[in-house]
Amino acid sequence: MSKITIVGGGLVGSLLSIFLARRGHAVSVYERRGDPRKTDVYAGRSINLVVSHRGWTALRAAGVEAAVKAITVPVYARMTHDRDGKLNRVPYSIDNKAIHSVSRGELNRRLLTEAEALPNVELRFNQKCVDLDLETATCRFQREGGEIKEVKADVVFGSDGAFSAVRAKMMQGRFTYSQEYIEHDYKEVAFPANPDGTPKLDPQCLHIWPRRYFMMMGLANQDGGFTGTLFMPNTATENAPGFDTVRTEEQVSSYFREHFADAMPIVPDLVQQYLRNPQSSLVIIRCNPWTVNGKVALIGDAAHAIVPFYGEGMNAGYEDCKVLNDLLNEHGDDNWPVVLAAYGKARKPNGDAIADLSLRNFLEMRDLVADLKFLLRKKIEGRLQAKHPDQWLPLYSQVKFSDIQYKDAWREGLRHDRIMEEVLAMPGIEEKWESEEVERRVMELVNAAR
Ligand SMILES: Cc1cc2nc3c(=O)[nH]c(=O)nc-3n(C[C@H](O)[C@H](O)[C@H](O)COP(=O)(O)OP(=O)(O)OC[C@H]3O[C@@H](n4cnc5c(N)ncnc54)[C@H](O)[C@@H]3O)c2cc1C
């Protein structure tokens, strides 16, 4: 049994505490903010995210799948809204698989409650990690009043998010690090339910308003409302407006009328919410190594902050926890240097791959989902998957509906791109995409590319 400190009791830290406590370790979670079950640290906003296959695999392994399923809404398809309000529904898979929308605050609260029910988990709130001795695994936590407490452990996990204090300390040593802000920022807006609580949009779809250089999306909440997220460059370009040029009430109102006209009746106070709600940035963080001295490790966003366009940041963090748990099964619970070295080695390439995949999916969402060739490609891929399931699994399914390692999915996705480029260039492909000729050609390319 080891004494473990987890810095950060957010989405990943709370699940990690459950995994480690179930193994018999003495786990203490130190969270900078107040207890979200007692104080409104999520500021009353209903921000939601998507749990997908890898998340479920980890939640199941930790014994909390049912507790989380109960607070989710299944989402089976993308629904695109074009400028004229025309809708197009594209299922996520050919066999009716779903991703699941959940409120971030609700999920965090539920996992903390599950963790607290375990006798060997201690949750400490309003405790900010301000320093850490990497040699002795000793953290210094500051309480709200300024009082500092030292906590020594056998192992420290930094699950303290994109701007991790644990990582900052690791950066003082031999450490490689990059931080990249993308040009797009985002703003969240709440889409209300009808007065009788029914949803105004199909809740089983992720709604997307793709506008090439910017986009809005809407994801259902359990109360019939949706959380809308607008992604737009911070600075306007010749191609697109930016948050810097859409500022006054008049500018905002004409922007929504021009680009998202069908959303305006659904969200009567869209303009006011835009003016009121904060603008947030999106950052990609890569670093190496993820562990030091066999006793300190990064996990979740602290190790791999990514852009949210695949909806995989938390899922990847949950998979980190599951892989760590598998490695403890393999190497034993008293062998931390070996386990942590294997964990870093296994997960770092996957962290990099999901960062790349997520950027790629941004292009797909804002741009391609409205593109006829892209829609044709989806149809061809769906047909291939149905006829040759062992030879063709679309990239989206690999990422969202399988445990295939992200790094393998990324490599396979690039191979699919090359094959599909040739197939979509076949003369008359729009008419003959369901023909045997096309199927034969794809299979030739699949086998040639192996
Ligand atoms: C707009 C948006 C949409 C997203 N949608 C999805 C989605 O659909 N699906 C998905 O899988 N992911 C999604 N993500 C990513 C997801 O939010 C993150 O990957 C996830 O929150 C990471 O969890 P974490 O616990 O590692 O970090 P965080 O959630 O950031 O939690 C870190 C915790 O550490 C605490 N902390 C920080 N510093 C200290 C300190 N010094 N001392 C003590 N505690 C500290 C913080 O208060 C916080 O509670 C989205 C992200 C964004 C921005």
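The structure this text deals with has already been given above.
The notes below deal with the structure included here. (Residues numbered from 1 in each chain as written. Predicted model: local features only at pLDDT ≥ 70, side-chain atom pairs only at ≥ 80, totals over all residues. Heavy atoms only, no water.)

**Quick look at the overall build of the chain**
For clarity, the cut-off: Note on conventions: DSSP H or I runs of at least 4 residues are helices, E runs of at least 2 residues are strands, and numbering of each starts at the N terminus. Only the C-alpha atoms count toward the radius of gyration. The rule for a globule is 2.2 Å times the residue count to the power 0.38. The contact criterion used throughout is that any non-hydrogen atoms of two residues lie within 4.5 Å. Under the convention used here, a 1.4 Å probe and the Shrake-Rupley method define accessible areas, while residue burial counts only the protein chains that appear.
The helix and strand tally for the chain stands at 14 helices and 20 strands. Taken over C-alpha atoms, the radius of gyration comes to 23 Å for the chain, in line with the 22 Å a tight globule of 450 residues would show. Referenced to the eigenvectors of the C-alpha coordinate spread, the extents of the chain come out at roughly 70 × 55 × 40 Å. The long-range fraction of contacts in the chain, counting pairs at least 24 apart against all pairs at least 6 apart in sequence, stands at 69%. Surface summary for the chain: the accessible area is close to 19,200 Å², and the carbon and sulfur share equals 49%.

**Overview of the pattern of salt bridges**
The following threshold applies: Salt-bridge detection follows one rule: a side-chain nitrogen of Lys or Arg within 4 Å of a carboxyl oxygen of Asp or Glu. Three exposure classes are used, based on accessible area relative to the maximum for each residue type with a 1.4 Å probe and protein chains only: buried under 20%, partly exposed in between, and exposed over 50%.
Going through the model one piece at a time under the given rule, you end up with 34 salt bridges. For Glu 65, the salt bridge goes to Arg 60, with nearest N and O atoms at 3.1 Å. On the basis of relative accessible area, Glu 65 is assigned to the partly exposed category, the value being 22%. Its salt-bridge partner being Lys 387, residue Glu 439 comes within 3.1 Å of it at the nearest N-O pair. On the criterion of sequence distance, the pair formed by Glu 439 in helix α14 (residues 436–448) and Lys 387 in helix α10 (residues 372–387) is long-range, its members being 52 residues apart. With a relative accessible area of 13%, Glu 439 lands in the buried category. We classify Lys 387 as partly exposed; its relative accessible area is 45%. By sharing partners, the salt bridges in this structure join Arg 54, Glu 312, Glu 319, Asp 320, Arg 347 and Lys 400 into a single network.

**Some thoughts on the packing of aromatic side chains**
Short version of the rule: We call Phe, Tyr and Trp rings a pair once their centres come within 6.5 Å, taking the six-membered ring for Trp, and we label the pair stacked below 30 degrees between planes, edge-to-face above 60, and tilted otherwise. Should the NZ of a Lys or the CZ of an Arg lie within 6 Å of a ring centre and within 35 degrees of the ring normal, that charge is described as sitting over the ring.
Using the criterion set out here, one finds 18 aromatic pairs in the structure. Seen from their ring centres, Phe 191 and Phe 226 are 6.5 Å apart, and the 35° between their planes marks the pair as tilted. Of the two residues, Phe 191 is situated in strand β13 (residues 176–191) and Phe 226 in strand β16 (residues 226–233); the sequence distance between them amounts to 35 residues. A relative accessible area of 2% means that Phe 191 is categorised as buried. Judged by relative accessible area, Phe 226 falls into the buried class, the value being 2%. A ring pair is formed by Phe 214 and Tyr 255, whose centres lie 5.7 Å apart and whose planes are at 40°; its orientation type is tilted. Placement of the pair is Phe 214 in the loop between β14 (205–210) and β15 (215–220) and Tyr 255 in helix α6 (residues 249–259), with a sequence separation of 41 residues. Tyr 255 sits in the buried class, given a relative accessible area of 4%. For the cation-ring pair, Lys 69 lies above Trp 56, with the distance from its terminal atom to the ring centre recorded as 4.4 Å. Above the face of the Tyr 396 ring, Arg 78 is positioned so that its terminal group lies 5.4 Å from the ring centre.

**Observations regarding the site of the ligand**
Just so we agree on the cut-off: Whether a residue is near a molecule or strand is decided by its heavy atoms; if any one of them lies within 4 Å of it, the residue is near. Pairs of N or O atoms are called polar contacts if they sit within 3.5 Å, as long as, within protein, a hydrogen donor faces a hydrogen acceptor (for residues adjacent in sequence, only side-chain-to-side-chain pairs). Throughout, the ten residues Ala, Val, Leu, Ile, Met, Phe, Trp, Tyr, Cys and Pro are labelled nonpolar, Asp, Glu, Lys and Arg are labelled charged, and all others, Gly among them, are labelled polar.
Of all residues adjacent to the ligand, which total 28 residues, the nearest are Glu 31, Val 50, Arg 104, Asp 301 and Met 314. In this structure, Leu 11 approaches the ligand through a main-chain N or O atom, which is 3.3 Å from an oxygen atom. In the model, a nitrogen atom of the ligand is placed 2.9 Å from a nitrogen or oxygen of the Gly 311 main chain. Counting residues per element, the ones that place at least two in the shell around the ligand are α1 (11–22), β3 (48–51), β9 (127–133) and α8 (313–331). Class assignment for the residues of the shell around the ligand results in eleven nonpolar, nine polar and eight charged.

**Quick look at the sheet that holds β3**
Note the cut-off: Paired strands are those between which DSSP finds at least two bridges. A fitted line through C-alpha atoms represents every axis, and for helices the fit uses only the stretch in contact; the resulting angles, taken between N-to-C directions, go from 0 to 180 degrees.
Pairing is antiparallel across the open sheet formed by three strands, whose spatial order is β3-β7-β4. Two strands lie at the open edges of the sheet, namely β3 and β4 (72–75), each paired on one side alone. Ignoring which end each strand starts from, the neighbouring axes of this sheet average 30° apart. Relative to strand β7 (residues 99–103), β4 is paired through four bridges, and the arrangement is antiparallel. If you follow Pro 74 over to β7, its bridge partner there is His 100.

**Describing the pairing of strand β2 (residues 26–30)**
So the rule is basically this: Handedness of a crossover is defined as follows: orient the strands so they point away from the viewer, and if the path from the first strand over the helix to the second runs clockwise, the crossover is right-handed.
Counting buried residues along β2, four of its five residues qualify, which places the element largely inside the surrounding structure. Remark: the strand β1 (residues 3–7)/α1/β2 crossover connection has right-handed handedness. Bridge analysis of β2 against strand β8 (residues 121–124) gives four bridges, and the strand direction is parallel. Bridge pairing links Ser 28 to Glu 122 in β8.

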